[in-house]
Amino acid sequence: MFVCLGNICRSPLAHAVFDHEAATRGAGDLFETESSGTAAYHEGEPADARMRETALAHGVRIDHRARHLKKADLDNYDLILAMDRANLAGILKLAANPQQREKIRLFRDFDGQAGPDAEVPDPYYGGPEGFEEVFRIADRTCAGLLDQLLNTAENESDK
Ligand code: 4NP
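This structure is a prediction, so every number in the text was calculated from the model and none was measured.

Draft legend 1. Main features of the overall build of the protein. Scanning the protein from N- to C-terminus turns up six helices and four strands. Beginning at the N terminus, the succession of helices and strands in the protein can be written as β-α-β-α-α-β-α-α-β-α. For 159 residues, the compact-globule formula gives about 15 Å, and the C-alpha radius of gyration of the protein, at 15 Å, lands near that figure. Along the first, second and third principal axes, the C-alpha atoms of the protein reach 50 × 35 × 30 Å. With the model as given, the accessible surface of the protein reaches about 8400 Å², and the carbon-plus-sulfur share is 47%. Computing the positive centroid from 18 side-chain charges and the negative centroid from 28, the protein places the two 4 Å apart.

In structure tokens form, the structure reads like this:
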């Protein structure tokens, strides 16, 4: 579960990039993915046109309607990935128990080029270069995330 504030820019992108990269690796069937926002202002809206156009220019189609993160999502998903630290704090407020809390991480913990506590910057009020930067971060981080998840899957099947 990929989570940002509005679920119209960063998290629908991360969700689409992850699905695209998983499918490219022949691993699309292994994951159930979704994205959501800690705020509900954009509920039901398609992703921001600037984000969709940037993704499409890189061959990734975003086909998603915004929805907000619900308490039940913290039980239903194994990994809840926050785009920034404010999102992380919002998600942790919803968490009711340690089992839920231990699933909640910063997305960029899986970015091999980022230091600790790195965030995906919010591109909403900026120019096109911000959307490009978000794409590059999402692309690299989803690759790192898949490397880790697929290695784990291989290790577990070895047991
Ligand atoms: P997102 O971007 O959290 O990446 O979807 C934003 C979308 C909307 C707003 C802020 C950030 N907003 O203030 O409406």
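Here the narrative resumes.
Draft legend 2. Local environment of the environment of alanine 89. With respect to the secondary-structure elements, alanine 89 resides in helix H4 (residues 85-94). C-alpha of alanine 89 to C-alpha of isoleucine 104: the two residues are 15 residues apart in sequence and 9.9 Å apart in space.

Draft legend 3. Quick peek at the site of the ligand. Neighbouring residues of the ligand: Cys4, Leu5, Gly6, Asn7, Ile8, Cys9, Arg10, Tyr41, His42, Asp122, Tyr124 and Tyr125. Asparagine 7 places a polar main-chain atom, nitrogen or oxygen, 3.3 Å from an oxygen atom of the ligand. Its residues assigned to classes, the shell around the ligand shows seven nonpolar, three polar and two charged.

Draft legend 4. Quick look at helix H1 (residues 10-24). For H1, which comprises 15 residues, the first-to-last C-alpha distance of 21 Å matches the rise-based estimate of 21 Å (1.5 Å per residue) to within 8%. Of all the residues in H1, the buried ones are Arg10, Ser11, Pro12, Leu13, Ala14, His15, Ala16, Val17, Phe18 and Ala22. Immediately beyond the C-terminal end of H1, within one or two residues, lies glycine 26, with a positive phi of roughly 75°.

Draft legend 5. How the structure looks around the sheet that holds strand S4 (residues 104-106). Across the sheet, four strands lie side by side as S2-S1-S3-S4; this open sheet has parallel pairing. With one partner strand each, in any of the chains shown, strand S2 (35-37) and S4 form the two edges of the open sheet. For this sheet, the mean inter-axis angle between neighbouring strands, taken without regard to orientation, is 30°. When strand S1 (residues 2-4) meets S2, the two strands line up parallel, connected through three bridges.

Draft legend 6. Looking closely at the nonpolar core. Counting 31 residues, the largest nonpolar core has Phe2, Leu13 and Phe107 as its most contacted members. Those elements that provide at least two residues to this core are S1, H1, helix H2 (49-57) and helix H6 (128-158). It is H6 that provides the largest number of residues to this core, a total of nine residues. Apart from the residues within four sequence positions on either side, phenylalanine 2 is in contact with Ser11, Ala14, His15, Phe18, Thr33, Glu34, Ser35, Ser36, Leu81, Met83, Phe107 and Leu145. By size, the runner-up hydrophobic cluster in this structure holds twelve residues, among which are Val3, Tyr77, Leu88 and Ile104.

What counts and what doesn't
Residues numbered from 1 in each chain as written. Predicted model: local features only at pLDDT ≥ 70, side-chain atom pairs only at ≥ 80, totals over all residues. Heavy atoms only, no water. Helix = DSSP H or I, 4+ residues; strand = E, 2+ residues; numbered from the N terminus. Rg over C-alpha atoms; globule rule 2.2 N^0.38 Å. Areas by Shrake-Rupley, 256 points an atom, 1.4 Å probe, with all protein chains shown as cover. Lys, Arg positive; Asp, Glu negative; His and termini not counted. Charge placed at Lys NZ, Arg CZ, Asp CG, Glu CD. Near = heavy atom within 4 Å. Polar contact = N/O pair within 3.5 Å; in protein donor to acceptor, adjacent residues only side chain to side chain. Nonpolar A, V, L, I, M, F, W, Y, C, P; charged D, E, K, R; others polar. Expected span 1.5 Å × (residues − 1). Buried < 20%, exposed > 50% of the residue type's maximum accessible area, 1.4 Å probe, protein only. Pairing = 2+ DSSP bridges. Axes fitted to C-alpha atoms, helices over the stretch in contact; angles between N-to-C directions. Core = buried A, V, L, I, M, F, W, Y, C linked by side-chain atoms within 4.5 Å. Contact = heavy atoms within 4.5 Å.

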